Amino acid sequence: VNMSVTEMFDLSGKTALGRGSSRGIGKAIALAYGRAGAKVVFHGSKPSDKLDAVVEEAEKAGIACEKAICDLSNEAETKAFAAEMDVPDILVLNASMQTYMGFEDFTTEEFDKEYSANVKANFILLQRALPVMKERKFGRIIGISSVNHYRPGLNLAVYASSKSSLMNMMKNIARSYGSFGITANTISPGIIATDRNAKILSDPKAVENFISWVPTHRIGAADDIAGSALLLAAPCGSFITGIDIPVTGGLHL
Ligand code: NAP
């Protein structure tokens, strides 16, 4: 009550790692954390112009930042990355693979790849981060799930189930680690205009169709996700744990 609004959202002195923050939703969240005062690690699967560009943009805005590269669908690479990383105060589990395929067409190889990137990589990062956060008596874990948890998308059964799995894992961590000052929550984005769906969203008919499903009648932007991600990491969100925030314009209903 005695905090100013600035203090309520102040992340000065904190470090944040955005898993998959070279572009899209992860980038918007990591930039918001940086603007709130955190030191940020921007991460991508590979060296890219987009990763370089976001680091440049952040530096220009006076944000202390670093970049990190790791292909999180590769278990050995993920384990090496986890072992070497400086455990952040705020860990955003954002990157994912999303393959559209009919249930019967999915191969077990494809299934393993998607679950490695979307579930196992998070598990590996969390196994490394939780003991350190526990020792520090502070941790903010934000998983990026999906509206698919509520409305299973056609041809997305594997992706959608991986997102529900992430949500359940966050709830488990919320219960198990709450007494150590660690919170764990998820955000479920609706349809957000990012590279991932740029092709389909370039088709006006498809956009019209999508909008007809969304009560607020618009496609979201990556920045629409940043506010709830900031709340979950900020001092004013410290009593929020084990929840999911659907940021969907109502599509989850
Ligand atoms: P995006 O534009 O496709 O960006 C994906 C980010 O994840 C990039 O930074 C990418 O790095 C990284 N990444 C992808 N595969 C990776 C891998 N194997 N290892 C390491 N990093 C990897 O995605 P987005 O649309 O912003 O989505 C972000 C999250 O929100 C995802 O979890 C997605 O499932 C979820 N979501 C998105 C929507 C939507 O409509 N966009 C809706 C619901 C949920 P590189 O640049 O190096 O490739």
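Refer to the structure printed above.
Residues numbered from 1 in each chain as written. Predicted model: local features only at pLDDT ≥ 70, side-chain atom pairs only at ≥ 80, totals over all residues. Heavy atoms only, no water.

Q: Please clarify how the overall build of the chain should be interpreted in this entry.
A: For the chain, the helix and strand inventory stands at nine helices and nine strands. C-alpha atoms of the chain, sized along the principal axes, occupy 50 × 40 × 40 Å. Expressed as a percentage of the 253 residues in the chain, the buried residues total 47%. Contacts in the chain between residues at least 24 apart in sequence constitute 75% of all its contacts with a sequence separation of at least 6. Accessible surface, the chain as shown: approximately 12,500 Å² in total, 55% of it carbon and sulfur. Placing the 26 positive and 27 negative side-chain charges of the chain at their respective mean positions leaves the two points 4 Å apart. (Helix = DSSP H or I, 4+ residues; strand = E, 2+ residues; numbered from the N terminus. Buried < 20%, exposed > 50% of the residue type's maximum accessible area, 1.4 Å probe, protein only. Contact = heavy atoms within 4.5 Å. Areas by Shrake-Rupley, 256 points an atom, 1.4 Å probe, with all protein chains shown as cover. Lys, Arg positive; Asp, Glu negative; His and termini not counted. Charge placed at Lys NZ, Arg CZ, Asp CG, Glu CD.)

Q: Sorry, what's going on with the packing of helix H4 (residues 75-84) against helix H5 (residues 108-136) here?
A: The relative placement of two packed helices comes down to the angle between their axes together with the axis-to-axis distance. Running from N to C, H4 and H5 cross one another at 20 degrees; their axes reach a closest spacing of 9 Å. By the criterion of interaxial angle, the relationship of H4 to H5 is roughly parallel. Here H4 and H5 pass one another in a crossing that is right-handed. Contacts between H4 and H5 pair Glu75, Thr78, Lys79, Phe81, Ala82 and Ala83 from the former with Lys120, Ala121, Ile124, Leu125 and Arg128 from the latter. (Axes fitted to C-alpha atoms, helices over the stretch in contact; angles between N-to-C directions. Parallel < 35°, antiparallel > 145°, perpendicular 65-115°, else oblique. Left-handed = near helix turned anticlockwise from the far one by under 90°.)

Q: It is not clear to me how empty space enclosed by the protein should be interpreted in this structure. Could you clarify?
A: Space left empty within the atom packing is revealed by a probe, the size of a water molecule, rolled over the atoms. Across all of its chains, the model carries one cavity of 30 Å³ or more by this definition. Approximately 50 Å³ is the volume attributed to the largest cavity. Lining the largest cavity are Arg19, Leu93, Asn94, Ala95, Ser96, Asn118, Asn122, Ile144, Ser162, Lys163 and Leu166. Elements with a minimum of two residues in the lining of the largest cavity: H5 and helix H6 (157-177). Looking at the lining of the largest cavity residue by residue, the class counts come to four nonpolar, five polar and two charged. (1 Å grid on protein atoms, 1.4 Å probe; cavity = no way out; pocket = protein on both sides within 12 Å on 5 of 7 lines; lining within 4 Å. Points joined across faces, edges and corners; volume = space filled by probe spheres on them. Nonpolar A, V, L, I, M, F, W, Y, C, P; charged D, E, K, R; others polar.)

Q: Looking at this structure, I do not really get the layout of surface pockets. What am I missing?
A: Estimates place the volume of the second largest pocket at around 290 Å³. For the second largest pocket, the lining is made up of 15 residues, of which Val41, Glu66, Met85, Asp86 and Val87 are closest to its centre. Grouping the amino acids of the lining of the second largest pocket by side-chain chemistry returns nine nonpolar, one polar and five charged.

Q: Would you explain the site of the ligand in this entry?
A: Neighbouring the ligand are 30 residues; Ser22, Arg23, Asn94, Tyr159 and Thr194 lie closest to it. One of the side-chain N or O atoms of Arg196 is found 3.1 Å from an oxygen atom in the ligand. Here the ligand, which alone exposes 900 Å², has 93% of that area covered by the protein. Counting only elements with at least two residues in the shell around the ligand, the list comes to helix H2 (24-35), strand E2 (39-44) and H6. Residue composition of the shell around the ligand, grouped by class: nine nonpolar, 15 polar and six charged. (Near = heavy atom within 4 Å. Polar contact = N/O pair within 3.5 Å; in protein donor to acceptor, adjacent residues only side chain to side chain.)

Q: Help me understand the packing of aromatic side chains, please; the structure alone is not making it clear to me.
A: Two descriptors summarise a pair of aromatic rings, namely the distance from one centre to the other and the angle between the planes of the rings. Under the definition given, this model contains three aromatic pairs. A ring pair is formed by Phe111 and Tyr115, whose centres lie 4.5 Å apart and whose planes are at 10 degrees; its orientation type is stacked. Taken together, the positions of Phe111 and Tyr115, both in helix H5 and four residues apart, correspond to about one turn of that helix. Residue classification places Phe111 among the partly exposed positions, given a relative accessible area of 35%. Their ring planes at 75 degrees and their centres at 5.3 Å tell us that Phe210 and Trp213 sit as a pair that is edge-to-face. Here Phe210 and its partner Trp213 are both found in helix H8 (residues 204-213), three residues apart, which amounts to about one turn of the helix. Given the relative accessible area of 38%, Trp213 is considered partly exposed. Lying over the aromatic face of Phe180, Lys134 brings its terminal NZ or CZ to 5.0 Å of the ring centre. (Phe/Tyr/Trp six-rings, centres within 6.5 Å; stacked < 30°, edge-to-face > 60°. Lys NZ or Arg CZ within 6 Å of the ring centre and 35° of its normal.)

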